[in-house]
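# A look at the structure
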Amino acid sequence: MSPSSSTSTSTSPTQPQPKSSLRTHLKTHLLASIPEQDVASQSHRAQHVILSQLPAWKAADRVSIYLSMPGGEARTEALVRAALGEGKVVFVPVLCRQLHEEMGGGEGSVKRAQEGGGDGAGSRHPGGSGASGGSAEAGGSGTADLELEQRPKKKRRKMRMEMLRLDSLQEFERLERDSWGIPSLSPASLAGRENARGGVGPEGRPSPSPPAEREGVEMRVERGGEKAEGENGVVDGPGLDLIVVPGVAFDREMARMGHGAGFYDGFLTRLVTEGRCKKPFLVGLCLAEQVLEPGRILMEEWDWRVDAVATGDGRLLTADAGT
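Everything in this summary refers to the structure shown in the same document. None of these values were measured; they are calculated from a predicted model. (Residues numbered from 1 in each chain as written. Predicted model: local features only at pLDDT ≥ 70, side-chain atom pairs only at ≥ 80, totals over all residues. Heavy atoms only, no water.)

### Quick word on the side chain of R305
As for its position among the elements, R305 is in the loop between β17 (291–292) and β18 (308–311). This buried residue, R305, is left without a salt bridge; E253 holds the nearest opposite charge, at 4.8 Å. (Helix = DSSP H or I, 4+ residues; strand = E, 2+ residues; numbered from the N terminus. Buried < 20%, exposed > 50% of the residue type's maximum accessible area, 1.4 Å probe, protein only. Lys, Arg positive; Asp, Glu negative; His and termini not counted. Salt bridge = Lys/Arg side-chain N within 4 Å of Asp/Glu carboxyl O.)

Right, dumping it as structure tokens:
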């Protein structure tokens, strides 16, 4: 079962339009026109819904919360302050350089290092289906290379997203804003921060002194509603209990449309497959105008649905209730 079908199996007669055109329309004609005062008041209501009505928030010890842009999306400052005040371990998204690129299309994708090429190696499709590829052996005819060139190339991404730990409320209040106006961790501090997928820093390097409680922990991996054992059933990192997910739009069937880079979908796939961690509870946070009718958001096999959506008009949408 793919992530996009894990929460909802209902269908809608509404014909979805291409994501790029829908995303552009919402950003330029809808979200950009919402007054700042409305964004602030809706953000307050949506965050209050999570804090007061969502059992998964109350039960979570380790959470990830996006740090919001100045406009066009629901703010998260109250959630960050509440989480740190409640003693939760808080992680925030950080964009890092991608070490590999994927070439080829569909099930023939091949992962190659950006530096120096290298042999083709088996890779995993963003939707989780096994994929494999290869290169021509030394002295061969080069047929495999020719076939690779003829395959449609997947979109290359030079960046990936990781979740790194925010140390304290005092640090949060002192964060400087980047060129997008988003509060951001200092680049010089990233190497020593705990990675939600395990280890420290963006690469998840082994910690010099890993906590004893993380050794030998066994958990089942849950992905898209299915459970599977990781290698020896051992989890490399503690993972996350809950992620507050941003988006350009959501619907009542828990579909989500992001900003188009696939950072959250890619992170979730790595977290529960490579990291062998359980799937965290995913709650979308949005303004009331960002909730669309079911069927308008085109969901691909690699897209992850959320488990709930907190809206700016004070509703908590879930797969069971819908309203």
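Further notes follow.
### Let's talk about the sheet that holds strand β15 (residues 256–257)
Taken in spatial order, the three strands line up as β15-β14-β17 in an open sheet, and their pairing is mixed. Of all the strands in the sheet, just β15 and β17 have a single pairing partner and so form its edges. Two elements, strand β14 (residues 249–251) and β17, share two bridges in a ladder whose sense is parallel. Looking at the pairing, F250 lines up with V291 of β17. (Pairing = 2+ DSSP bridges.)

### Examining the packing of aromatic side chains
Applying the stated rule across the entire model yields zero aromatic pairs. Across from the ring centre of W57, 5.3 Å away, lies the NZ or CZ of K88, which sits over that ring. (Phe/Tyr/Trp six-rings, centres within 6.5 Å; stacked < 30°, edge-to-face > 60°. Lys NZ or Arg CZ within 6 Å of the ring centre and 35° of its normal.)

### As for the packing of helix α2 (residues 36–53) against helix α4 (residues 77–85)
Contact pair α2 / α4: the axes reach a minimum separation of 9 Å and the direction vectors enclose 30 degrees. Judged on the interaxial angle alone, α4 and α2 are roughly parallel. Only E77, A78, L79 and A82 of α4 make contact with α2, whose side of the interface consists of Q47, I50 and L51. Split by residue class, the contact of α2 with α4 holds five nonpolar, one polar and one charged. (Axes fitted to C-alpha atoms, helices over the stretch in contact; angles between N-to-C directions. Parallel < 35°, antiparallel > 145°, perpendicular 65-115°, else oblique. Contact = heavy atoms within 4.5 Å. Nonpolar A, V, L, I, M, F, W, Y, C, P; charged D, E, K, R; others polar.)

### Quick look at the sheet that holds strand β19 (residues 316–318)
Across a sheet, paired strands are connected by hydrogen bonds in the backbone, their directions being either parallel or antiparallel. Taken together, seven strands build an open sheet; the order of strands is β8-β2-β1-β13-β16-β18-β19 and the sheet is mixed. The open sheet has two free edges, formed respectively by β8 (159–166) and β19, since each of these has just one partner strand. Sheet twist, expressed as the average angle between the axes of neighbouring strands with direction ignored, equals 25 degrees. Note: strand β1 (residues 62–65) against strand β2 (residues 89–97), three bridges, orientation parallel. Bridging from a neighbouring strand, R62 pairs with V89 of β2. Strand contacts of α4: β1, β2, β8, β13 (242–245) and β16 (281–286), with the helix running at about 160 degrees to β1, the strand carrying the most contacts.

### Points about unusual backbone geometry
Positive phi, close to 70 degrees, is recorded for M254, a residue that is not glycine. By relative accessible area, M254 is classed as buried at 0%.

### Considering the environment of L317
Following the sequence through the fold, L317 ends up in strand β19. Along the primary structure L317 and D251 are separated by 66 residues, whereas in three dimensions their C-alpha atoms are 8.7 Å apart.

### Remarks on the pairing of β18
Where burial is concerned, the two faces of β18 agree: the one with A308 and A310 and the one with V309 and T311 are both buried. Judged from the four bridges that link them, β16 and β18 form a sheet pairing that is parallel. The residue of β18 that forms the bridge with G284 is V309. Pairing between β18 and β19: three bridges, direction antiparallel. The residue bridging A308 from the neighbouring strand is T318, located in β19. Connecting β18 to the antiparallel partner β19 that follows it, the hairpin turn spans four residues, and G314 within it adopts a positive phi of roughly 85 degrees.

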